[in-house]
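Structural features, examined
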Amino acid sequence: MKTKLFKFALAAFLAFLPLPFIAESSYFLTGVYIVFAVMICGAAARALGLKEAINAN
């Protein structure tokens with residue numbers, strides 16, 4: 001379970017890493033990218049089988 005959480009944390013970190021650079025360019029692109037990054041996090045959670053752990057909260 002620790003490895004799955006580590007992989008999820010790494011995917012989330014990498015998904016949100018370019019956010020400050022995108023935020024400098026436009027608010028619209030920032031909003032679009034945030035939605036895209038959240039979708040990446042959801043896909044990573046589903047792929048790692050963490051859906052039950054997320055829904056438990």
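What comes next is a walk through the structure. (Residues numbered from 1 in each chain as written. Predicted model: local features only at pLDDT ≥ 70, side-chain atom pairs only at ≥ 80, totals over all residues. Heavy atoms only, no water.)

1. Section: the overall build of the chain
How we decide: Counting from the N terminus, the helices are the DSSP runs of H or I reaching at least four residues and the strands are the DSSP runs of E reaching at least two. Partly exposed describes any residue whose relative accessible area lies between the buried limit of under 20% and the exposed limit of over 50%, with all areas from a 1.4 Å probe on protein chains only and scaled to the type maximum. The contact criterion used throughout is that any non-hydrogen atoms of two residues lie within 4.5 Å. Values of accessible area rely on a 1.4 Å probe in the Shrake-Rupley scheme; residue burial ignores everything except the protein chains shown.
Each helix and strand in the chain was counted, giving four helices and zero strands. The secondary structure elements of the chain, listed N-terminal to C-terminal, are α-α-α-α. When each of the 57 residues of the chain is scored for burial, the buried share is 19%. If you take every contact in the chain between residues at least 6 apart in sequence, the share linking residues at least 24 apart comes to 50%. By element, 74% of the accessible surface of the chain is carried by carbon and sulfur atoms, the whole surface being about 4500 Å².

2. Focus on the environment of G42
Take G42: it is sitting in helix 3 (residues 27–48). Between the C-alpha atom of G42 and that of A11, which follows or precedes it by 31 residues, the distance is 10.0 Å.

3. Side note on the side chain of T30
Relative to the elements of secondary structure, T30 occurs in helix 3. Judged by its relative accessible area of 13%, T30 falls in the buried class. Setting aside anything within four residues of it in sequence, one finds T30 in contact with L19, I22 and A23.

4. Let's talk about the packing of aromatic side chains
Cut-off, in case you're wondering: Stacked, tilted and edge-to-face are the three classes assigned to paired rings of Phe, Tyr and Trp, where Trp is represented by its six-membered ring and a pair needs centres within 6.5 Å; plane angles under 30 degrees give stacked, over 60 edge-to-face, the rest tilted.
Applying the stated rule across the entire model yields one aromatic pair. Between the aromatic rings of Y33 and F36, the centroid separation amounts to 5.9 Å while the plane-to-plane angle is 50°, which identifies the pairing as tilted. Here Y33 pairs with F36, and both are found in helix 3, just three residues apart, close to one helical turn. Look at Y33 and you get buried, because its relative accessible area is 15%.

5. Points about a nonpolar patch on the surface
Here is the rule we go by: Here, patches come from residues exposed beyond 30% relative accessible area and free of salt bridges, joined within 9 Å for like charges and within 5 Å for nonpolar side chains (Val, Leu, Ile, Met, Phe, Trp, Tyr). Any Lys or Arg side-chain nitrogen found within 4 Å of a carboxyl oxygen on Asp or Glu counts as a salt bridge.
A contiguous nonpolar patch, built from F6, L10, F13, L14 and L17 and spanning about 530 Å² of accessible area, is present on the exposed surface. As for its placement among the helices and strands, F6 is situated in helix 1 (residues 2–16).

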